[in-house]
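# Examining the three-dimensional arrangement
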Amino acid sequence: MTRGTVWHPFTQHALEPQPIAIARAEGAWLETANKRRILDGISSWWVITHGHRHPAIVAAVHAEIDRLDQVIFAALTHEPAEKLAEKLVSLAPPGLAHVFYSDSGSTAVEVALKMALGYWRNIGEPRTRIAALEHGYHGDTIGTMSAGARGVFNAAYEPLLFDVVRIPFPHPGREQETLDALDAAAREAPLAAFIAEPLIAGAGGMLIYGAETLAEMKRICERHNALFIADEVMTGWGRTGTLFACTQAGVTPDILCLAKGLTGGSVPLAATLATPRIFEAHYSEDRARTFFHSSSFTANPVCCAAALANLGIWETEPVLERIGKLAALQAEHIAAFETDSRFENPRRIGTIAALDLKVTDSGYLASASLALRAHFLASGVLLRPLGNTIYVMPPYCTTAADLAPVYDAIRSAPDVLTR
Ligand code: PLP
């Protein structure tokens, strides 16, 4: 309830309490300036994977900043970026061969959209129609807001947004509607690309769909020669139980967007991976076919070193085992809500669990939302419901003892609202 100097993201300063000052973080825990511990139940906006300040990542950041802090990435290159690109290609679904760096999930997707349009223009068949899965969230830049769901978040910017063909979300039992709509859209007029979050729409409400639907959407794109863009900004790096969600469907997208957990969530870095087909369309003696995108900090060496350290952790530590254990804990906790009539739709994929609190006023601005957040914080847990959807997406180092109070807090949440 203050007019501070700092303007916080997605924050209504006139309604929300003074932001809490965090002074330290370690593993799954945040510590306030006055030494109160808060469990990071949302991995600090879905970025932290192994835990805060993993020693290998911290050491890599220290070592790299002592060597090379920052350098322009056009016409110059450096070892961390080169090595990281090789590793990313070796880990990504087979067939992705080129890595373009940027700084955030939004830019990873913005780059993907530009690559798709550049591809069609450069091969002399200028397609510009983009299709996107309903309830999508791809970032907050103009391009990514255009591809994402429309609502209160972007109503003011509507005049700047471009139209996309909206494909209905494959809600359980209604998958065929999605597939038919995608097929019909591609038949109606050529699609440049179809963009989707694989297996789970995150900010759209933690809505889960099956791997077979994802595989079929990709097959439809192939049939119509539309590029498939997988936005794995949230799903990547183990959240859905595998390194990438696309793997569960055996799908190689034409363009893959990665960010958030790429550095274990420690520092900002994003990568957009493309197949040779996309790269080759831009490879030309004609300068007009250049991929025209850059930002000052493209492939910052310290961030690339952090990402390499993250990949090292995946290679040397039992990360998938840890994810499996956390997923099992989440499954157990969320199953307990199946018989609790105050909630509905308990659901889980990998390490992500979600459920909807029954309220009369749903949607993001549900009056419940702020009261819920306050209740969770008072219980020592950082959760940030999406409207009346409560979700838990903790770092992989979260233990059974850490997690139990989170679900106690969720269980007592409806009482707080009726008080
Ligand atoms: N794409 C998806 C699927 C996301 O979940 C997000 C952020 O939550 C983004 C893109 C945007 O990422 P960033 O906030 O790093 O710009």
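Every chain's residues receive numbers from 1 upward, in the order its sequence appears when written. pLDDT decides what is reported in this predicted model: residues at 70 or higher carry local features, side-chain atom pairs at 80 or more are listed and counted, and totals for whole chains, interfaces and linings draw on all residues regardless. Heavy atoms from the whole structure form the basis of all side-chain values; hydrogens and water molecules are not counted.

### Some points on the overall build of the protein
For the protein, the count of helices and strands is 12 helices and 16 strands. With C-alpha atoms as the basis for the radius of gyration, the globule rule is written as 2.2 Å multiplied by the number of residues raised to the power 0.38. Computed over its C-alpha atoms, the radius of gyration of the protein comes to 21 Å, within 12% of the 22 Å expected for a compact globule of 419 residues. Once the C-alpha set of the protein is aligned to its principal axes, its extents read approximately 65 × 55 × 45 Å. Each residue's exposure class comes from its accessible area (1.4 Å probe, protein chains only) as a fraction of the maximum for that residue type: buried when under 20%, exposed when over 50%, partly exposed otherwise. Looking at the protein as a whole, 52% of its 419 residues qualify as buried. Here, residues are in contact when the closest pair of their heavy atoms is within 4.5 Å. Partitioning the contacts of the protein with sequence separation of at least 6, the portion at a separation of at least 24 is 70%. A residue counts as positive if it is Lys or Arg and as negative if it is Asp or Glu; His and the chain ends are not included. For the purpose of locating charges, the reference atoms are NZ of Lys, CZ of Arg, CG of Asp and CD of Glu. Measuring between centres, the 35 positive side-chain charges of the protein sit 3 Å from its 44 negative side-chain charges. Elements are defined by DSSP. Helices are runs of H or I of four residues or more, strands are runs of E of two residues or more, and each kind is numbered from the N terminus.

### What to know about the domain arrangement of the protein
Partitioning the protein into structural domains gives domain 1 (57–316) and domain 2 (318–417). The source of the domain bounds is an automatic or database domain assignment. For domain 1 and domain 2, the distance between their C-alpha centres works out to 28 Å. Contacts between the two partners involve 19 residues from domain 1 and, on the opposite side, 19 residues from domain 2. By definition, the buried area sums, over both parts, the 1.4 Å-probe accessible area that each loses when the two are put together. Summing both partners gives a buried area of about 1500 Å² for domain 1 against domain 2, and 74% of it is carried by carbon and sulfur. Polar contacts, as used here, are pairs of N or O atoms within 3.5 Å; protein pairs need one atom able to donate a hydrogen and one able to accept it. Residues neighboring in sequence count only if both atoms are side-chain atoms. Taken together, the connections running from domain 1 to domain 2 amount to 6 residue pairs in polar contact (both at pLDDT 80 or more). With 3 residues, the single largest contributor to the side of domain 1 that touches domain 2 is helix H9 (residues 301–316).

### Comments concerning the packing of helix H2 (residues 55–67) against H9
The packing of two helices is summarised by the inter-axis angle and the distance between the axes. Where H2 contacts H9, the axes come no closer than 8 Å and their chain directions differ by 150°. Accordingly, the angle class assigned to the pair H2 and H9 is roughly antiparallel. Taken as a pair, H2 and H9 cross one another with a handedness that is right-handed. Facing Ala 56, Ile 57, Ala 60, Val 61, Glu 64 and Ile 65 of H2, the residues of H9 in contact are Pro 301, Val 302, Ala 305, Ala 306, Ala 309, Asn 310 and Ile 313. Polar here means any residue outside two lists: the nonpolar Ala, Val, Leu, Ile, Met, Phe, Trp, Tyr, Cys and Pro, and the charged Asp, Glu, Lys and Arg; Gly therefore counts as polar. Tallied by class, residues from the contact of H2 with H9 come to 11 nonpolar, 1 polar and 1 charged. Where helices are involved, their axes are fitted lines through C-alpha atoms of the stretch in contact, as for all axes, and angles between N-to-C directions lie from 0 to 180°. Comment on the angle field: the value is read as roughly parallel under 35 degrees, roughly antiparallel over 145, roughly perpendicular from 65 to 115, and oblique elsewhere. Left-handed is the label given to a crossing in which the near helix is rotated counterclockwise from the far helix by less than a right angle, and right-handed is the label when the rotation is clockwise.

### Focus on the site of the ligand
Close contacts around the ligand come from Trp 46, Ser 104, Gly 105, Ser 106, Tyr 137, His 138, Gly 139, Glu 197, Asp 231, Val 233, Met 234 and Lys 260, and that covers them all. One of the backbone nitrogen or oxygen atoms of Gly 105 is found 2.8 Å away from an oxygen atom of the ligand. Here the shell around the ligand is composed, by residue class, of 4 nonpolar, 5 polar and 3 charged. In these notes, residues near a molecule or strand are those with any non-hydrogen atom within 4 Å of it.

### Structural notes on the pattern of salt bridges
Note on definitions: salt bridges are taken to be side-chain nitrogens of Lys or Arg within 4 Å of carboxyl oxygens of Asp or Glu. Counted according to the given criterion, the structure contains 23 salt bridges. A salt bridge links Glu 79 to Lys 83, with the shortest nitrogen-to-oxygen separation between them at 3.5 Å. Taken together, the residues span about one helical turn, with Glu 79 and Lys 83 both in helix H3 (residues 79–91) at a distance of 4 residues. The salt bridge involving Asp 183 is made with Arg 187; its shortest N-O contact spans 2.8 Å. Taken as a pair, Asp 183 and Arg 187 lie in helix H6 (residues 175–188) at a separation of 4 residues, close to a single helical turn. For Asp 183, a relative accessible area of 15% gives the class buried. Residues joined in a network through salt bridges with shared partners are Arg 24, Glu 26 and Arg 53.

### Some details on the nonpolar core
The biggest cluster of nonpolar side chains holds 93 residues, and the ones touching the most others in it are Phe 194, Met 206 and Ile 410. Looking at which element gives the most residues to this core, the answer is H9, with 9 residues. Formed jointly, this core draws a minimum of three residues from each of two domains, domain 1 (57–316) and domain 2 (318–417). One finds Phe 100, Ile 130, Leu 227 and Ile 255 within the second-largest nonpolar core, a separate group that totals 28 residues. What makes a nonpolar core is a set of buried Ala, Val, Leu, Ile, Met, Phe, Trp, Tyr and Cys residues whose side-chain atoms join them at distances within 4.5 Å.

### Side note on the sheet that holds strand S13 (residues 343–349)
Two orientations exist for strands paired in a sheet by backbone hydrogen bonds: parallel and antiparallel. Ordered in space as S13-S14-S16, the 3 strands form an open sheet in which the pairing is antiparallel. Sheet topology places S13 and strand S16 (389–392) at the edges, where each strand pairs with a single neighbour. Between one strand and the next, the sheet's axes are offset by a mean angle of 15°, whatever the strand orientation. Here a strand pair is declared whenever DSSP counts at least two bridges between the two strands. Bridging between strand S14 (residues 352–357) and S16 involves 4 bridges; their strand directions are antiparallel. Opposite Ala 353, over in S16, you have Val 392 as the bridge partner. Helix-sheet contacts for helix H10 (residues 319–335) involve S13, S14 and S16, and the interaxial angle to S13 is about 165°.

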